[in-house]
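Notes for the structure review
Chain by chain, the residues:
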Amino acid sequence: MTSSPITSTSTSSTPTTTPTPVPKTLTISSWAYQLQNADPEEIAKSGFDLVVIDYSRDGTDNEAYSRSEIEKIKAAGVIPVAYISIGEAEDYRFYWREEWKTNPPVWLGKENPEWPGCYAVKYWDEEWKRIVFAYLDKILAQGFQGVYLDKVDEFEYWADNGYNENWTAKQMIKFILEIANYTRSKAGKNFLIIPQNGENLLDYDDGRLLAAVSGWASEDVFYNGLELSPWTAGKVPYLDKIIRVKKFVLVVDYVDDGTRSEEDIKRILDFRSKALKRGYIPYAALVDRELDELNIIPGIQP
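Below, the structure is looked at part by part. Just so it is clear, the model here is predicted, and its values are computed rather than measured.

What follows concerns the sheet that holds strand S4 (residues 88-90). Where strands meet in a sheet, backbone hydrogen bonds hold them as pairs that are either parallel or antiparallel. The three strands lie next to each other as S4-S6-S5, forming an open sheet whose pairing is antiparallel. The open sheet is flanked by S4 and strand S5 (108-111), the only strands paired with a single partner. This sheet shows a mean twist of 35° between the axes of neighbouring strands, independent of strand direction. Two elements, S4 and strand S6 (residues 118-121), share three bridges in a ladder whose sense is antiparallel. Counterpart to Glu90 in the pairing with S6 is Cys118.

What follows deals with helix H5 (residues 165-187). In a regular helix each residue adds 1.5 Å, so 23 residues correspond to 33 Å; H5 covers 32 Å between its end C-alpha atoms and thus fits that length. Between the side-chain oxygen at the start of H5 and the backbone nitrogen of Asn166 there is a gap of 2.9 Å, and the oxygen is on Asn164. A positive phi of about 105° marks Gly188, the residue just after H5.

Attention shifts here to the sheet that holds strand S13 (residues 281-286). In space, the three strands of this open sheet follow the order S9-S12-S13, with parallel pairing throughout. The two strands at the open ends of the sheet, each matched to only one other strand, are strand S9 (215-219) and S13. Direction aside, neighbouring strands of the sheet carry axes that sit 20° apart on average. Sheet topology note: the strand S12 (residues 248-256)/S13 ladder contains five bridges and is parallel.

This next bit is on empty space enclosed by the protein. This model, assessed by the stated rule, comprises one cavity of 30 Å³ or more. In this structure, the largest cavity spans a volume of roughly 60 Å³. Lining the largest cavity, in full, are Tyr33, Tyr283, Ala285, Leu286, Asp288, Arg289, Glu290, Leu291, Asp292, Glu293 and Asn295. Ranked by residue count, the leading element in the lining of the largest cavity is S13, at three residues. Here the residues of the lining of the largest cavity sort into five nonpolar, one polar and five charged.

Here Asn62 lies in the loop between strand S2 (50-53) and helix H2 (67-75). The class for Asn62 is exposed, based on a relative accessible area of 76%. Residues Asn62 and Leu26, spaced 36 residues apart in sequence, show a C-alpha to C-alpha distance of 32 Å.

Turning our eyes to something else, we now look at a negative patch on the surface. Side chains of Asp39, Glu42, Asp288, Glu290, Asp292 and Glu293 sit close together on the surface and give a patch of like negative charge. Secondary-structure assignment places Asp292 in the segment after S13.

To continue, consider the nonpolar core. Of all hydrophobic cores here, the largest spans 97 residues; its most connected members are Trp31, Tyr33, Ile86, Trp128 and Tyr148. The greatest single-element share of this core, amounting to ten residues, is contributed by H5. Other than its neighbours up to four places away in sequence, Tyr148 contacts Trp31, Tyr33, Val52, Val81, Ala82, Tyr83, Ile84, Ile194, Gln196, Ala217 and Leu250.

Here we take up the environment of Tyr238. Structurally, Tyr238 can be placed in helix H7 (residues 232-244). With near-sequence residues (within four places) excluded, Tyr238 lies in contact with Glu199, Asn200, Leu202 and Asp203.

Rules used in this analysis
- Residues numbered from 1 in each chain as written.
- Predicted model: local features only at pLDDT ≥ 70, side-chain atom pairs only at ≥ 80, totals over all residues.
- Heavy atoms only, no water.
- Pairing = 2+ DSSP bridges.
- Helix = DSSP H or I, 4+ residues; strand = E, 2+ residues; numbered from the N terminus.
- Axes fitted to C-alpha atoms, helices over the stretch in contact; angles between N-to-C directions.
- Expected span 1.5 Å × (residues − 1).
- Polar contact = N/O pair within 3.5 Å; in protein donor to acceptor, adjacent residues only side chain to side chain.
- 1 Å grid on protein atoms, 1.4 Å probe; cavity = no way out; pocket = protein on both sides within 12 Å on 5 of 7 lines; lining within 4 Å.
- Points joined across faces, edges and corners; volume = space filled by probe spheres on them.
- Nonpolar A, V, L, I, M, F, W, Y, C, P; charged D, E, K, R; others polar.
- Buried < 20%, exposed > 50% of the residue type's maximum accessible area, 1.4 Å probe, protein only.
- Patch = residues over 30% accessible without salt bridge, like charges linked within 9 Å, V, L, I, M, F, W, Y side chains within 5 Å.
- Areas by Shrake-Rupley, 256 points an atom, 1.4 Å probe, with all protein chains shown as cover.
- Salt bridge = Lys/Arg side-chain N within 4 Å of Asp/Glu carboxyl O.
- Lys, Arg positive; Asp, Glu negative; His and termini not counted.
- Charge placed at Lys NZ, Arg CZ, Asp CG, Glu CD.
- Core = buried A, V, L, I, M, F, W, Y, C linked by side-chain atoms within 4.5 Å.
- Contact = heavy atoms within 4.5 Å.

See the structure below:
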C-alpha cells in the first residue's frame, strides 16, 4: 500500500489568513447550492443570503477562487460556505495520486458506483484526516465563512461493510467535532459547520455534535426528483430536532424541471411551502442534479 503525501496536520502551525468572522447573530432566509462554475459576481448580485460553492470553479487547485473573489461575495452581504466531502475521496482533487487506483493507501475504499471518481474512505484514519485539514487550510485562506460537510453518512456504508455502526457513527461525530474545533480555532467561534444528510447520526450523539453544528442540510426531503420523497418520514424528525435547538436547516430538493410550466411551478411552490411550514430554508434545484448553475426563479427564489 502506498502512503499519501501530506502537507498539513490538524495541529499544523502553518499560518492561515483569517477569514472575516461570521456575524454572531445570523439571519438566513434563502440559500443556494452550486458546485460547478460558480461566478462570484453573479452570486454577489443574486440576492441569496448564503451560498454553498466548491472552493474551486472545477474542483482543481488551478481554478481555486481567490481571496478577493470570496471577499466580493461577502461585501454583497452573502455568506460564502465551502463544500467539502469528508467521507469520500475525489480523484480530481489536489491531494489525489493516480497510483492510488492500482496501489491504494490503506484508508481508501471502493469507488462509488453512482458517482464515478469518488471513493469511500476510512475517515477515522489519521492520514485521511491530515488531508482534510490541509484542504480546510485552503478554504480558510480563501476567506470562506463556513464549511458544508458532505458524506457524513458514510458511517452507514462502513456499517454495511463489516464495521459496527455504533463505532463508525461515533468516529464520524468525532471527526466533525475535530473539524469544528480546528476551523474555529483559526476563524472564530461562529465559523459555520453544516453537515449534509446522515441526520440519523444524531441517534449516536451525546449532545456535543448538536451543540457544535451551526445547522444541518438535507437533500430529497419532500421530493425525490419530480416525485414525492420516500424519505420524508425518516428525515423530518431529525431535522425538527435541529430546529428545536434553534439551529437552521437547509433543504435542497431537485424539483425544478426548468420548463416553468404550471406543473413545474406548482411542484416548486409545494416543496417550498412544506419546507417553510417546518421552519426549514428551501432551495429548489434543477432536476438534473448537476448543481452547475444558480437557480433563480423570478418571484419565487430567492
